[in-house]
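# Chain and residue survey
The residues making up each chain are set out below.
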Amino acid sequence: MTLLYTEVEEELRAAVRDLLADKASPSAVLARADSAAAGGTPYDAELWKALARDIGVAGLLIPEELGGSASHEGGASAREAAVVLEELGRAVAPVPFLSSAVLATQALLVAGGEVAGELLGRLAAGEATAALAVSFAASPYAPPAPVATLGEDGAVTGAVTGTVTGTVTGTVTGTVTGVIGAEAADVLIVPVRLSQGVGLCAVEAPSTVQGAVRVATVASLDLTRPVATVSFASAPARIVARAEGLELPWVWEALARGAGLLASEQLGVAEWCLTTTVAYVKERRQFARPVGSFQAVKHRLADLWLEVVGARAAARNAAARLAEAPAAGPLGDEAAVAVAVAQAHCGAVAVHAAEECVQLHGGIGMTWEHPAHLYLKRAKADQIALGTPGDHRDALAGPAGLPAPL
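Heads up: these notes are all about the structure in this document. Bear in mind that the values here come from a model prediction, so they are computed numbers and not experimental data.

## Some words on the overall build of the chain
The number of helices and strands found in the chain is 11 helices and 10 strands. A globule of 406 residues ought to have a C-alpha radius of gyration of about 22 Å, and the chain, at 21 Å, matches this closely. Counting only C-alpha atoms, the chain reaches 80 × 50 × 45 Å along its principal axes. Residue burial in the chain is summarised as follows: out of 406 residues, 52% are buried. Taking contacts inside the chain between residues at least 6 apart in sequence as the whole, the part at least 24 apart equals 77%.

Structural data, given as C-alpha cells:
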C-alpha cells in the first residue's frame, strides 16, 4: 500500500480542479451563498452535472458492472473519491458529492439486491442524485434508530434478513432532521422500522410524489452545504433491504466509510487556507515590510504546515484502507482504525487552518466579501459531522488497550 498519489489520481485532480476553477471560483461560491441566504437554490446543478456526467465522479465507488468505474483490477476506488473530495474542499463547492456519491451510494452498495442495483446504475450515469435520510451529525459508532416507519403492502409478510428479491413496496411515514443533500436528491434512501426488524427503502423525490415528501431547509452554519428536515406522509417506497433486530448495517457502514472520506475534504479545506494565507502574508505590507517576514508569523505558518502534512498522511491512509476493504462487506479493523485516526486529527487541523486564515488576513478576513468565512464554517460543520473528534478518539481507545478520554 502506498499513500502517494498515482498518475491517474493526479489526472483526475487536474480535471476536477480545472472545472472548479472555471465554475466554482470564490466569487461564484460567495454569490451562490448570497442567493441561498435569500431563498435561492443552494446547490449548483450545472456544476454537479458536469462533475457527475462529464468527469464521472458520481460512479467512482460503484462497480463497473453497474455502470460505475470501481474495480479491484485497476479501476476507481475510495482513493479517487478522496482526491475529488480534496478538490471540493479546496473550493467549498456547493455540490452533493458527499451526500450522493459517498453516503447514499455506500448504503446501497452494502444493501445489495435488485432495487439497489437499479438505483446505483442511475447514480453512476448521472441520471439521478440520492441522499441518505440520516442526520449528518450521526456517529458511526452509535447509528441512530430509524425514526420513520414502513407500512408494507400485502406482497411480503414476516421478517426477511438480507437483500430483497423482486419489488416490494410500502409507504413511509416519519420525520428525519439534519439531512444533507435532500434538496438536490431525486431519491431518498431511508432507514425504517418494520413490523419485524428494520429495513432500508427508496423514496422518490418530492417532485414525483406531490405532498407525500416535504424537504424544508433549516438554518445551517455551512452556507455551501445546507441541512434539511425531511418529512414523509405515507410516501410510496420500495424496500431495498431488510434485517432482523434493530441494527442498521447499511447505515453504519455508510457513516463509517463517509467519515473516512470526509477527512480528505477537511484536508482540502486546510490546504486552501494555508496556501492562501502564505500568499497573502507575502504581499501584505506593514511597517514597510511584508507581514510574512515577521518571525512570529513564520512560526505560526510553519506549525500549521506541519499539521497539514500530518492531516494529509492520516487522510490518505484512511482512503487507502477503505480502497482495500470490500465494497459491500464489513469495514475491517485496520480500516476502522484508519478512519478513526483520520477523523480525530483532520477535523481539528481544518478548523485551526481556517482560524489562522481569518486572523492572518487581518480586517479583510473578517468581511463577508472574502471567502475565508466560508472555509471556517465548512471546517466547523465538518468537525461535528459523522462523529465528533471525541467520538473517534473513544473508538481508538479500545483497540489500543487504553481507557477512553474523559
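## Structural notes on the pairing of strand β8 (residues 227-243)
As paired strands, strand β4 (residues 169-180) and β8 are joined by nine bridges and run antiparallel to one another. Counterpart to Val176 in the pairing with β8 is Val230. For strand β6 (residues 198-204) and β8, the ladder comprises six bridges, and the chain directions are antiparallel. Each residue of the ladder has a partner; that of Leu200, found in β8, is Ala241. Two elements, strand β7 (residues 213-218) and β8, share six bridges in a ladder whose sense is antiparallel. Paired with Val218 across the strands is Val227, a residue of β8.

## What about the packing of aromatic side chains?
To describe a pair of aromatic rings, one takes the distance between the centres and the angle between the planes. Here the structure, examined in full by the defined rule, presents one aromatic pair. Between Trp272 and Tyr375 the ring centres are 3.7 Å apart and the planes differ by 0°, which places this aromatic pair in the stacked class. With Trp272 in helix α7 (residues 249-283) and Tyr375 in helix α10 (residues 372-383), this residue pair connects regions lying 103 residues apart in the sequence. As far as burial versus exposure is concerned, Trp272 and Tyr375 are alike and both buried. Positioned above the aromatic ring of Tyr5, the side-chain terminus of Arg13 is 4.5 Å from the ring centre.

## Examining the nonpolar core
Core analysis: the biggest nonpolar cluster contains 112 residues, and Trp48, Leu51, Leu88, Phe97, Ile189, Trp250 and Leu261 have the highest contact counts within it. Sorting elements by how many residues they give to this core places α7 first, with 16 residues. Every residue in contact with Trp48, bar those within four places of it in the chain, is listed here: Val57, Ala58, Val95, Pro96, Phe97, Ala101 and Thr129. One finds Val176, Val179, Ala235 and Ile239 within the second-largest nonpolar core, a separate group that totals 23 residues.

## Here we look at the packing of α7 against helix α8 (residues 295-324)
Taken N-terminus to C-terminus, the directions of α7 and α8 make an angle of 155°; their axes are 9 Å apart at the nearest point. The orientation of α7 relative to α8 falls into the category roughly antiparallel. Relative to α8, the crossing made by α7 is left-handed. Counting all contacts with α7, which are made through Arg257, Gly260, Leu261, Ala263, Ser264, Leu267, Ala270, Glu271, Leu274, Thr277, Val278 and Val281, the residues of α8 involved are Val297, Leu301, Leu304, Trp305, Val308, Ala311, Arg312, Ala315, Ala318 and Leu322. For the contact of α7 with α8, the per-class residue count stands at 16 nonpolar, three polar and three charged.

## Examining the side chain of Gln106
One can find Gln106 in helix α5 (residues 97-111). Judged by relative accessible area, which is 6%, Gln106 ranks as buried. Beyond its immediate stretch of four places on either side in the chain, Gln106 contacts Leu61, Ala254, Arg257 and Ala327.

## So, the side chain of Glu86
Counting through the fold element by element, Glu86 comes out in helix α4 (residues 78-91). On the accessibility criterion, Glu86 (1% relative accessible area) is buried. A distance of 3.1 Å separates the side chain of Glu86 from the side chain of Arg13, its partner in a polar contact.

## Notes on helix α3 (residues 45-55)
Two residues of an α-helix separated by three or four positions point the same way, owing to the 3.6 residues in each turn. Along α3, the residues classified as buried are Leu47, Trp48, Ala50, Leu51 and Ala52. Those residues of α3 hidden inside the fold are in contact with α1 (7-23), α4 and α5. Where α3 begins, the side chain of Asp44 points an oxygen toward the backbone nitrogen of Glu46, at a separation of 3.3 Å. Backbone geometry just after α3 places Gly56 at a positive phi near 85°.

The rules we used
- Residues numbered from 1 in each chain as written.
- Predicted model: local features only at pLDDT ≥ 70, side-chain atom pairs only at ≥ 80, totals over all residues.
- Heavy atoms only, no water.
- Helix = DSSP H or I, 4+ residues; strand = E, 2+ residues; numbered from the N terminus.
- Rg over C-alpha atoms; globule rule 2.2 N^0.38 Å.
- Buried < 20%, exposed > 50% of the residue type's maximum accessible area, 1.4 Å probe, protein only.
- Contact = heavy atoms within 4.5 Å.
- Pairing = 2+ DSSP bridges.
- Phe/Tyr/Trp six-rings, centres within 6.5 Å; stacked < 30°, edge-to-face > 60°.
- Lys NZ or Arg CZ within 6 Å of the ring centre and 35° of its normal.
- Core = buried A, V, L, I, M, F, W, Y, C linked by side-chain atoms within 4.5 Å.
- Axes fitted to C-alpha atoms, helices over the stretch in contact; angles between N-to-C directions.
- Parallel < 35°, antiparallel > 145°, perpendicular 65-115°, else oblique.
- Left-handed = near helix turned anticlockwise from the far one by under 90°.
- Nonpolar A, V, L, I, M, F, W, Y, C, P; charged D, E, K, R; others polar.
- Polar contact = N/O pair within 3.5 Å; in protein donor to acceptor, adjacent residues only side chain to side chain.

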